[in-house]
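In case you want the letters, here they are:
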Amino acid sequence: MKAAVYEGVGKFAVKEVENPKLPHGGCIVEIEYCAICGTDVKAYVHGNPRMKPPLILGHEFCGRITELDPYVKEFRVGDRVTLATSLPCGKCYLCQEGLSNMCENIQPVGTGLSGAFCKYLVLPYQALAHGNLLKVPDNVMSESASLSEPLGCVINGQLIVGVRGGDTVVVIGAGPIGWMHVGVAKAFGASRVILVQRSRSRLEMAKGIKADETICSDEEDPLKRVNELTGGRGAEVVIVSCPSHDAQADSIKMAKKGGRISFFSSLPKDKPEATLNTNLLHYRELRVCGSSDSRPYHQRLALELLSMGNLDVSGLITHKFPLSRIMDGLEIMRKKEGLKVLISPD
C-alpha cells in the first residue's frame, strides 16, 4: 500500500510499504480521510523526539473496518469508525483515576505507533479494549468525523475550565482549534463568544462557525476592546488557544473577578515560562487551568454534537489533497494559508 512516511525534518516520502497484518484482538481500518494536525506540522518543521523516523504520521481520521478479530463483538466489518488517539495501558495509577489521557505508558497513534497517512491502518488490541475505537453516527460526514479527535480535546478543555450557560467567553487564537473553541462554547450555552486574533485574514478564514465579536489585535488593543464589550467587568472564561507568551499574560487581564482561564495551548518547549501578573490571580480570585489531549468520553461527546447538529465543523476544512500531495498540505498549514487540510489515500 501507499503511505506518507515521515523521514525527518522537512522530509515526507510517499512510498510503497507492506500491507498491515491483523493483530490479535485488533482490527484494520481502510482510511477515508486523515486531517493534518498541528503536531504533524511541528514534526515536519522542527522535528519531534517522540516521532522517530521512519514513521507514518496522522491521527485525525475516519475510515471503515476491513478486517476484525473474530472474537471482537462490539464492531463489525464495514463499520465506519474514528479513534481517540492516545491508547492507555489501563493499569497505571492515572488510568485507575480515570485520567487515561495522561497514562504513564501511553501509546499515541501517529506519534509512537504508525498512523493514518496511508491506505490501511492497523489498530492493536488496546484500541478496542479501552474504548478508544468509536463508531461514527450515520448522519455525520466522514470529513467532519475526522475532526472529532481535536474536537474532543477542545471539549475536554472546556469541561475542565467550566464553560456554562450565560458565560462570556474570550478565545485568543483563530487557528482551527480556536474556531472549534468558539463553536463548542456556543454549543455549551455561552451567551457571547469573543474571538481575538492578530491577523485579519485568519479571522475571516472559517465558514459556518460564527463568533459574536471578533478583535484583530493588529488593528486595536484587545484588552481595551474586551473591557468595553464586557462593560468593564471582563469575561467569565478566557481560553488561550495559541502558543503565545503575550496571550497568556493578556488572558489574566481579560478575566472578570472570579473568572476562569484555560491555557489550552502549550508554549514552545525551549521557552515554556511566561511572565504573569500573579497579583491579579490573587486579588481577583482567578482560576487558571490547563488541559492535555482527551479521552474516549470527550470524543464521543464530539460525535454527538456533530450528529445532533449542535456544531458544524465542515467550514473549517479549507483544502483536500490526495496522499501524493501531502507536502502541499503541510506547506499550506505551515504558512497558515488554511485551517484544516484533509488527506485521502486515493
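These numbers come from a predicted model, not from an experiment.

Chemist: Explain the pairing of strand β15 (residues 255-263) to me, please; I cannot follow it from the model alone.
Modeler: The side chains of a regular strand alternate between both faces of the sheet. Pairing geometry for strand β14 (residues 235-240) and β15, over five bridges, is parallel. Within β15, the residue paired with V237 across the bridge is R260. With four bridges connecting them, β15 and strand β16 (residues 287-290) associate as parallel partners. Residue R260 lies in a different strand from β16, and its bridge partner there is R287.

Chemist: Would you mind going over helix α11 (residues 296-308) with me for this structure?
Modeler: An α-helical segment advances 3.6 residues per turn. Residues three or four places apart therefore align on the same side. With 13 residues, α11 ought to run about 18 Å at 1.5 Å a step, and its terminal C-alpha atoms sit 18 Å apart, in line with that. Those residues of α11 that sit buried are P296, H298, Q299, A302, L303, L305 and L306. Where α11 is buried, its residues touch β6 (80-83), β10 (133-135), α4 (142-145), α5 (148-161) and α6 (176-187).

Chemist: Explain the sheet that holds strand β2 (residues 11-16) here, please?
Modeler: Through backbone hydrogen bonds, the strands of a sheet pair up, either in parallel or in antiparallel fashion. Read across the open sheet, the three strands follow the order β2-β1-β4; overall the sheet is antiparallel. Each end of this open sheet is capped by a strand with a single partner; those strands are β2 and β4 (55-56).

Chemist: How should the environment of N277 be read in this particular structure?
Modeler: Positionally, N277 belongs in the loop between β15 and α10 (278-284). Separated by 3.1 Å, the side chain of N277 and the backbone nitrogen of N279 make a polar contact.

Chemist: I tried to follow the packing of helix α8 (residues 222-229) against helix α9 (residues 245-254) on my own but got confused; where do I start?
Modeler: Geometrically, a packed helix pair is captured by the angle between its two axes and the distance between the axes. Between α8 and α9, whose axes approach to 10 Å, the crossing angle comes to 25°. One way to sum up the angle between α8 and α9 is to call them roughly parallel. For the pair α8 and α9, the crossing hand works out as right-handed. Facing α8, whose interface residues are P222, L223 and V226, α9 presents D250, K253 and M254.

Chemist: What is the right way to look at the packing of aromatic side chains in this model?
Modeler: Each aromatic ring pair is described using two quantities: the centre-to-centre distance and the angle formed by the ring planes. Within this structure, the stated rule accounts for two aromatic pairs. An angle of 50° between the planes, with centres 5.5 Å apart, marks the rings of Y6 and F12 as tilted. You'll find Y6 and F12 in the same group, each marked buried. The interplanar angle of 55° and the centroid separation of 6.2 Å between the aromatic rings of F12 and Y44 together place this pair among those described as tilted. Pair noted here: F12 is in strand β2 and Y44 is in helix α1 (residues 38-45), with a separation of 32 residues, a long-range link. Taken together, the ring pairs connect Y6, F12 and Y44 into an aromatic cluster.

Chemist: Help me out: how do you make sense of the sheet that holds β14 in this one?
Modeler: Here we have six strands laid out as an open sheet, ordered β13-β12-β11-β14-β15-β16, and parallel in their pairing. Unpaired on one side and paired on the other, β13 (213-216) and β16 mark the two borders of the sheet. Here the average twist between neighbouring strands, direction ignored, is 15°. Where strand β11 (residues 168-172) lies against strand β12 (residues 192-197), five bridges are found, and the strand directions are parallel. Across the sheet, residue V171 finds its bridge partner in β12, namely L195. Across the sheet, α8 touches β11, β12 and β13, and the angle it forms with β13 is around 160°.

Chemist: When you look at helix α12 (residues 326-334) in this model, what are you seeing that I'm missing?
Modeler: Turning to α12, its buried residues number three or more, namely I326, G329, L330, I332 and M333. End-on, the buried residues of α12 take up no more than an arc of 160°, which puts them together on one face. Against the buried residues of α12 lie β1 (2-8), β2, α1, β17 (317-322) and β18 (340-344). Looking one or two residues beyond α12, the residue adopting positive phi is K336, at roughly 60°.

Chemist: Looking at this structure, how should I read the pattern of salt bridges?
Modeler: A pair can form between side chains of opposite charge whenever their charged atoms are brought close. One pass over the structure, following the stated rule, counts 15 salt bridges. The salt bridge partner of E219 is R200, with a shortest N-O separation of 2.7 Å. Placement of E219 in the loop between β13 and α8 and of R200 in helix α7 (residues 200-203) is noted, with a sequence separation of 19 residues between them. Assessed through its relative accessible area of 52%, E219 is described here as exposed. A cluster of three or more residues bridged by salt bridges with shared partners is formed by R233, E236 and K256.

Chemist: Any chance you could explain the packing of α1 against α12 here in plain terms?
Modeler: For the pair α1 and α12, the least separation of the axes is 10 Å and the interaxial angle reads 95°. Taken together, α1 and α12 sit at an angle that is classed as roughly perpendicular. In contact with D40, V41, Y44 and V45 of α1, α12 contributes M327, L330, E331, M333 and R334.

Rules and cut-offs
- Residues numbered from 1 in each chain as written.
- Predicted model: local features only at pLDDT ≥ 70, side-chain atom pairs only at ≥ 80, totals over all residues.
- Heavy atoms only, no water.
- Pairing = 2+ DSSP bridges.
- Helix = DSSP H or I, 4+ residues; strand = E, 2+ residues; numbered from the N terminus.
- Expected span 1.5 Å × (residues − 1).
- Buried < 20%, exposed > 50% of the residue type's maximum accessible area, 1.4 Å probe, protein only.
- Contact = heavy atoms within 4.5 Å.
- Polar contact = N/O pair within 3.5 Å; in protein donor to acceptor, adjacent residues only side chain to side chain.
- Axes fitted to C-alpha atoms, helices over the stretch in contact; angles between N-to-C directions.
- Parallel < 35°, antiparallel > 145°, perpendicular 65-115°, else oblique.
- Left-handed = near helix turned anticlockwise from the far one by under 90°.
- Phe/Tyr/Trp six-rings, centres within 6.5 Å; stacked < 30°, edge-to-face > 60°.
- Arc of directions from axis to C-beta.
- Salt bridge = Lys/Arg side-chain N within 4 Å of Asp/Glu carboxyl O.

So, to be careful, I would describe these as geometric facts and stop short of saying anything about function.
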